[in-house]
Amino acid sequence: MCVQVYGFGSYFEGTKQCNDIDLLLIHQDTSISSCKFVLRCKTELVALVPKLDISILSRTEAESLSFKEQAEVVAIGNICGTNFESDTRDIATKVLSF
Amino acid sequence: MPAHSEDFPWPSYYRNYNFFESRMRAHNKITDVEASGDGFYVLTTTAGDTIRVFICECYSFGVAEYHEANEKLGKLNAIIINSNWCGYSYECKKHCRDDEVGLFDIRDFMAALNCDAPWNYLNESDKEYFQQNGWL
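Each residue is numbered by its place in its chain's sequence as written, counting from 1. Chain letters and ligand numbers both follow the written order, the letters beginning at A and the numbers at 1. The predicted nature of this model means local features are confined to residues of pLDDT at least 70 and side-chain atom pairs, given and counted, to a pLDDT of 80 or more, with totals for whole chains, interfaces and linings taken over all residues. For side-chain calculations, the full set of non-hydrogen atoms in the structure is used, while hydrogens and water are omitted.

S.K.: If you had to explain the state of the cysteines to someone new, which residues and values would you point to?
M.R.: Criterion for a disulfide: a pair of cysteine sulfur atoms within 2.5 Å. Considering all chains together, one arrives at 1 disulfide over all chains under this definition. Across the disulfide from Cys2 of chain A sits Cys80 of chain A; the S-S distance is 2.0 Å. Since a negative S-S torsion denotes a left-handed disulfide, the Cys2 of chain A-Cys80 of chain A link at about 110° is right-handed. Taken together, the positions of Cys2 of chain A in strand E1 (residues 2-8) and Cys80 of chain A in strand E4 (residues 74-80) put the pair 78 residues apart, joining distant regions of the chain. Cysteine Cys58 of chain B is unpaired, with the sulfur of Cys56 of chain B as its nearest cysteine sulfur at 4.5 Å. Its sulfur unpaired, Cys115 of chain B is 16 Å from the next cysteine sulfur, which belongs to Cys96 of chain B. Secondary structure is summarised from DSSP: a helix means a run of H or I of at least four residues, a strand means a run of E of at least two, and numbering begins at the N terminus for each.

See the structure below:
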C-alpha cells in the first residue's frame, strides 16, 4: 500500500514567509485499511515537519474534485508500507529542503 | 488558509466559530448552543434532541478525515465545513450520509436543521452528483 505525497500553496511557490506548509496525501481508496494507513502517514509527517497542513483524499476523491489540477500541486514522492520509516524521512527531507 | 494547530490540524478560525454560533442562536429549531472547544459543539433542538457538531476548515474534507474526526471526537451528528475556500468530496458526503451524519457547509446546515433527518439533506449540486452516480 502506497500514498502519494504532493505539495501545494505558497511554500512550494517560493514564498519566503509562510504560515504553513500545505501537503496533499492521495491514498488508494476509501476502505478502512487505506484510511488508517494514510492517517499513519499524516501522523508521522506532522511529527517530522513543523507547521504542516495536510489534506487527504483517496484517488477517486481527488479525481472527482480535480484537486491536483486546481491546486497546481508539486509531486514530492511516495510513502509505501514496506519502507514506511525511510519513505517518511525522505519526504520530510525533501519538503524541508524545498 | 486553514488555521494550523499541532493538536488538531483543521479547526476553524475563532471568528468563524462566532459566525457559526450567531447563526445557530438565530435558528428557530435550536434552543441551546454549547461550545466544548476546538470547534466541537453540542446543539439542542426544539424537539429536545442533541446534535454533536464539529466545525472545521480544510481544503477538501475526505473519507479519511471523517474517520480521523470520529476517532478524535467520538460519534458526530454533523460536520460543518466552515469556509468559502474549503469543501468536501461527494464520496465523503455519501459515506457520512450512510452513517446518518450530515456533512454540510453552514448554509446547507441551516436548511438541513429544518428536516426530520438532517443528515439526508442534499443541495442541488449534491443531488446532481448523487443522481449521476446512482446513489439516489
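S.K.: Break down the environment of Asp49 of chain B for me, citing the residues and quoting the values.
M.R.: All names here are of chain B. Relative to the assigned elements, Asp49 resides in the loop between strand E2 (40-45) and strand E3 (50-56). With 18 residues separating them along the chain, Asp49 and His67 place their C-alpha atoms 24 Å apart. Beyond its immediate sequence surroundings of up to four residues, Asp49 is in contact with Leu43 and Thr44. Whether two residues touch is decided by their heavy atoms; if any such pair falls within 4.5 Å, the residues are in contact.

S.K.: Tell me about helix H4 (residues 84-96) of chain A, residues and numbers included.
M.R.: Residue and element names in this part refer to chain A. Take the residue count of a helix, subtract one, and multiply by 1.5 Å to get its expected span. With 13 residues, H4 extends 18 Å from end C-alpha to end C-alpha; this agrees with the ideal 18 Å at 1.5 Å per step. Of all the positions in H4, only Phe84, Asp87, Thr88, Ile91, Ala92 and Val95 are classed as buried. Down the axis of H4, the sector holding all buried residues measures 135°, keeping them to one side. Think of it in three bands: residues with accessible area under 20% of the maximum for their type are buried, residues over 50% are exposed, and the middle band is partly exposed, with areas taken using a 1.4 Å probe on protein chains only. Working definition: the arc comes from the directions between the helix axis and the C-beta atoms, pointing outward to the latter.

S.K.: Hey, could you go over the pairing of strand E1 (residues 30-35) of chain B for me, with residue numbers and the actual values?
M.R.: Residue and element names in this part refer to chain B. The sheet contact formed by E1 and E2 spans 5 bridges and is antiparallel. Bridging from a neighbouring strand, Ile30 pairs with Thr45 of E2. Counting the residues between successive antiparallel strands, the hairpin from E1 to E2 contains 4 residues, one of them, Gly37, with a positive phi of roughly 95°. Only when DSSP finds a minimum of two bridges between them are two strands counted as paired.

S.K.: Any details on the sheet that holds strand E3 (residues 52-58) of chain A? Residues and values, ideally.
M.R.: All names here are of chain A. A sheet is described by the order of its strands in space; here 4 strands give the open sequence E3-E2-E1-E4, paired in mixed fashion. Because the sheet does not close on itself, it has two edges, and the strands there are E3 and E4. Taking each pair of neighbouring strands and ignoring which way they run, the sheet shows an average axis angle of 25°. Across 7 bridges, the pairing between strand E2 (residues 21-27) and E3 is parallel. By the bridge assignment, Ile21 is partnered in E3 with Leu52. The axes used here are C-alpha line fits, helices contributing only the stretch in contact, and every angle between their N-to-C directions lies in the interval 0 to 180 degrees. Together, E1, E2 and E4 form the strand contacts of H4, whose direction differs from that of E4 by roughly 160°.

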